[in-house]
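Notes for the structure review
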Amino acid sequence: MELLPRIKGPDDVKALSPEQLPILANEIRQEIIQVTSDNGGHIGPNLGVVELSIALHRHFSTPKDRFVFDVAHQGYVHKLLTGRYGDKFKKIRSTGGLSGFLTRDESEHDCYGAGHAGTALSAALGMATARDLKGSDEHVVAVIGDAALTCGITMEALNNIKASTKRLIVILNDNKWSIAPNVGAIPGYLNELITNPVYNRLHNDLESFLESVPGGNAIRKFGKKVKAETKDFFSDQESSLFEKYGLRYIGPIDGHDQELLDQYMTFAKKCEEPVILHVLTTKGKGFEAALNNPEKFHGTSPFCPETGQSKPSKPGKPPVYQDVFGRALVDFAKKDKRIVGITGAMPSGTGMKHLHDELPGQYFDVGIAEEHAVLFAAGLATSDIKPVVAIYSTFLQRAYDCIIHDVCLQDLDVMFCMDRAGLSPNDGPTHHGLFDISYLRCVPRAIIMAPKDEDELVDMMKTGIDHKGATFIRYPRGNGVGVKMKDEPEAIEIGKAELLREGDDVMIWALGPMVNDALKLASKISAEQGLHVGVVNARFAKPIDTELLLEHAKSCRLIATIEENVLKGGFGSAVLEELQDAGLDTPVVRIGWPDKFVTHGNTVEELRGDNGMSPQQMEDDILNRFRAIPQESVTADAIRFPSGK
Ligand SMILES: Cc1ncc(C[n+]2csc(CCOP(=O)(O)OP(=O)(O)O)c2C)c(N)n1
Ligand SMILES: CC(=O)[C@@H](O)[C@H](O)COP(=O)(O)O
Ligand SMILES: [Mg+2]
């Protein structure tokens, strides 16, 4: 009988014999490989933390003890060990299945949610401090990756630990990888700790502890030998960066050695000071294809479990927006050496890898450091460099003040390219880019564009590169619409919309790829309802083409807006503001995302249908609103609903 199905929580893990643990580890790996081959997901990070997660559940007991995982993309093993094996896990990241990250409402064992990097240490410190204030005795364990150390918030928390608590356990899961190879000074420093082990300064307590456990003496002797050999490397009083921050540094140890993990976890639990246990793991361990390509298998689409080959997508699909962006950026950067590209540890996801490969001198990966990326760009822009900052819509939320205070207030010339604007269906609420129009529209000097297709994306990049000031281009995850690309991009007049279809009953003002949905809708309503429905490709959420909008507001019975953004403060709100400012009361129906966090699901279409944004729902919204307008020339029964209502 397999072990995994019997594991309902930490007590079941603790009940296993040491001999059973590798069997359990293997079962977990097979389950993760199988399920992610069907659903896609973060297979690499999770295969790397199997033994570590087992050790955590053998030494601590959630929900009383608390685990805080950074990003929480590596929480699949924790979920499998806390009763979520089975149908729910088989649908992880899919409709009705588990979240691909931890969320507080999914399980009592998940004390803290995530999806964005860098939050774990601060949250864990908050929990430890709360414990101290209440006088309770639970353990708090933060699990952070090596790339989490490139994140400023992690360093802010590190700085605060010593002043805040006496007991906090930090597990540094060092696999040398972010999504791409980790960057900056941190990996080099961690490597120093590995190649010249800081060695945990065999204090009496650790030394006597190691004497008391089987095999401990060997570790103790190794430690003394290393200390002797490295004494010139580290003077006694300064052994590691972490100890300067007031944490006891232990490690590095093999994060796949279950026995070693047991010993060091036992020791860490006894520490009456904050401790960081540096474990070395291998991303993708147990699956050859992931070992050979850690970047691809950090977060992957469905694949063949035997070969690791991605499951074939429909032939002839249009290019994905990130690659259109990346290739165009290379072309622009070749023509203008002032152009540089900046990514926050997302070269492949943003398409910046194309610039890295072709013009490495004009490429910068600053790590998981979005605030720094924007400030770095601001500094570059003061010296006649044209920075192009490629950060997902959702991750750019991190750098909001830097956008306002540093780039726009100083009127600096920076172009922001925000991929994943719209839904990231499988990643869910932490990754949907549904707020950027709202959070940017109120910022003076911000110019916000959204292309209707991949060809217009490149035109908007040209527009942003030519413009002297802050421009933001937002576009969705995934494939373009398959239009022919111009040979040479053409800049667009700032604030100029594009009239695609005439109409005087209803004018649909759509933004971004929703323009294509709007054209289909207009044709259908016109054909079925005998209404004259027009479509405008708005192109700009700021500034709006006020002249054209007011012309339509005076000539049409209804203005409809459609956007891939929340309605609150979105593009439709901008249209309302313009009409009000002009003293016009033309009816407006706004179609966009509701004021809620949209869960994860299988597809964009499915989530749209769940949130009132299917084609039929959009059509009904428009007709309902049109029908409610008191108009002598159009009687209510002249409007037949497609469904015959
Ligand atoms: C603020 C933010 N920026 C970027 C990302 C994208 N991202 C997700 S995981 C990851 C790398 C994490 O590396 P590490 O912490 O070392 O964990 P590992 O995947 O190696 O286990 C990145 C950059 C994110 N989730 N949040
Ligand atoms: C966990 C994380 O934030 C990234 O791995 C993210 O899931 C990547 O998203 P894309 O797959 O849309 O690039
Ligand atoms: Mg890592």
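In this text, all values refer to a predicted model and were calculated from it rather than measured experimentally.

Moving on, we come to the coordination of the magnesium ion (ligand 3). Donor atoms from the polypeptide that coordinate the magnesium ion (ligand 3) comprise Asp-146 (OD), Asn-175 (OD1) and Trp-177 (O), at 2.0 to 2.2 Å from the metal. Written as a sequence motif, the donor arrangement for the magnesium ion (ligand 3) is D-x28-N-x1-W. We classify Asn-175 as buried; its relative accessible area is 10%. Relative accessible area serves as the criterion here: at 25%, Trp-177 is assigned to the partly exposed category.

Moving on, we get to the sheet that holds strand β3 (residues 169–174). One open sheet accounts for five strands, arranged β1-β2-β3-β5-β4; its pairing is parallel. Both edges of this open sheet fall to β1 (66–69) and β4 (248–254), since each of them pairs with a single strand only. Averaged over all pairs of adjacent strands, the angle between their axes in this sheet comes to 20°, without regard to strand direction. Relative to strand β2 (residues 140–145), β1 is paired through four bridges, and the arrangement is parallel. Paired with Phe-69 across the strands is Val-143, a residue of β2.

The next thing to look at is the site of ligand 1. Neighbouring ligand 1 are 23 residues; His-73, Gly-115, Asn-175, Trp-177 and Glu-370 lie closest to it. At 2.8 Å from an oxygen atom of ligand 1 is found a main-chain nitrogen or oxygen belonging to Trp-177. A distance of 2.7 Å separates a nitrogen atom of ligand 1 from a polar side-chain atom of Glu-370. Here ligand 1 loses 98% of its free accessible area of 590 Å² to cover by the protein chains. Here the residues of the shell around ligand 1 are counted per class, giving 11 nonpolar, eight polar and four charged.

Moving on: the nonpolar core. Ile-28 and Ile-171 are the most contacted members of the largest nonpolar core, which has 61 residues in total. When residues in this core are grouped by element, the largest group, seven residues, is from helix α2 (residues 20–39). Discounting chain neighbours no more than four positions away, the residues touching Ile-28 are Leu-4, Val-50, Ile-54, Val-77, Leu-80 and Leu-81. In terms of nonpolar packing, the next biggest core, distinct from the first, is built from 54 residues, Val-366, Val-389, Phe-416 and Ile-559 among them.

Time to look at the layout of surface pockets. Its boundaries defined by the atoms lining it, the second largest pocket holds a volume of some 390 Å³. What lines the second largest pocket is a set of 20 residues, among which Ser-99, Thr-103, Asp-105, Glu-106 and His-600 lie closest to the centre. Counting only domains with at least three residues in the lining of the second largest pocket, you end up with domain 1 (4–292) and domain 2 (321–474).

Right, let's talk about the site of ligand 2 for a bit. Neighbouring residues of ligand 2: His-42, Val-71, Phe-101, Gly-115, Ile-179, His-298, Tyr-392, Phe-395, Arg-420, Asp-427, His-431 and Arg-477. Arg-420 places a side-chain nitrogen or oxygen 2.8 Å from an oxygen atom of ligand 2. In this structure, Asp-427 approaches ligand 2 through a side-chain N or O atom, which is 2.7 Å from an oxygen atom. Relative to its unbound accessible area of 360 Å², ligand 2 is 87% covered by the protein chains. Residue contributions to the shell around ligand 2 reach at least three from each of two domains, namely domain 1 (4–292) and domain 2 (321–474).

Here the focus is the pattern of salt bridges. Using the criterion set out here, one finds 30 salt bridges in the structure. Lys-90 serves as the salt-bridge partner of Glu-31, at 2.8 Å between the closest nitrogen and oxygen. Taken together, the residues Glu-31 in helix α2 and Lys-90 in helix α6 (residues 87–90) connect sequence positions 59 residues apart. Classification of Glu-31 as buried rests on a relative accessible area of 9%. Lys-90 gets classed as partly exposed once you look at its relative accessible area, which sits at 39%.

What follows is about a nonpolar patch on the surface. Together, Val-481, Val-483 and Met-485 make up a nonpolar patch on the protein surface, roughly 190 Å² of accessible area in all. Along the chain, Val-483 falls in the loop between β11 (471–474) and β12 (498–501).

Another aspect to go through is the UniProt feature "domain: Transketolase-like pyrimidine-binding" (unreviewed entry) in the chain. Under the UniProt annotation, the feature "domain: Transketolase-like pyrimidine-binding" (unreviewed entry) is placed at residues 319–483. Structurally, residues 319–483 is divided into 42% helix and 15% strand, and its ends, taken at the C-alpha atoms, are 10 Å apart.

Structurally, the position occupied by Glu-564 is in strand β16 (residues 558–566). Owing to a relative accessible area of 10%, Glu-564 belongs among the buried residues under this scheme. A polar atom in the side chain of Glu-564 sits 2.4 Å from the side chain of Arg-608. Ignoring sequence-local partners within four residues, the contact set of Glu-564 consists of Gly-422, Gly-433, Leu-434, Arg-474, Met-514, Trp-593, Arg-608 and Met-613.

Moving on, we get to helix α7 (residues 120–134). Across its 15 residues, α7 extends 21 Å between first and last C-alpha, which sits within 8% of the 21 Å expected from 1.5 Å per residue. When we look at burial in α7, the residues that qualify are Ala-120, Leu-121, Ala-123, Ala-124, Leu-125, Met-127, Ala-128 and Arg-131. Close packing links the buried residues of α7 with β1, β2, α8 (152–164) and β3. Within two residues after α7, Gly-135 carries a phi angle of roughly 75°, on the positive side.

Criteria and thresholds
- Residues numbered from 1 in each chain as written.
- Chains lettered and ligands numbered in written order.
- Predicted model: local features only at pLDDT ≥ 70, side-chain atom pairs only at ≥ 80, totals over all residues.
- Heavy atoms only, no water.
- Donors = N, O, S within 2.8 Å, 3.2 Å for Na, K, Ca; no water.
- Buried < 20%, exposed > 50% of the residue type's maximum accessible area, 1.4 Å probe, protein only.
- Pairing = 2+ DSSP bridges.
- Helix = DSSP H or I, 4+ residues; strand = E, 2+ residues; numbered from the N terminus.
- Axes fitted to C-alpha atoms, helices over the stretch in contact; angles between N-to-C directions.
- Near = heavy atom within 4 Å.
- Polar contact = N/O pair within 3.5 Å; in protein donor to acceptor, adjacent residues only side chain to side chain.
- Areas by Shrake-Rupley, 256 points an atom, 1.4 Å probe, with all protein chains shown as cover.
- Nonpolar A, V, L, I, M, F, W, Y, C, P; charged D, E, K, R; others polar.
- Core = buried A, V, L, I, M, F, W, Y, C linked by side-chain atoms within 4.5 Å.
- Contact = heavy atoms within 4.5 Å.
- 1 Å grid on protein atoms, 1.4 Å probe; cavity = no way out; pocket = protein on both sides within 12 Å on 5 of 7 lines; lining within 4 Å.
- Points joined across faces, edges and corners; volume = space filled by probe spheres on them.
- Domains from an automatic or database assignment.
- Salt bridge = Lys/Arg side-chain N within 4 Å of Asp/Glu carboxyl O.
- Patch = residues over 30% accessible without salt bridge, like charges linked within 9 Å, V, L, I, M, F, W, Y side chains within 5 Å.
- UniProt positions renumbered as here; feature names shortened; annotations may be inferred.
- Expected span 1.5 Å × (residues − 1).

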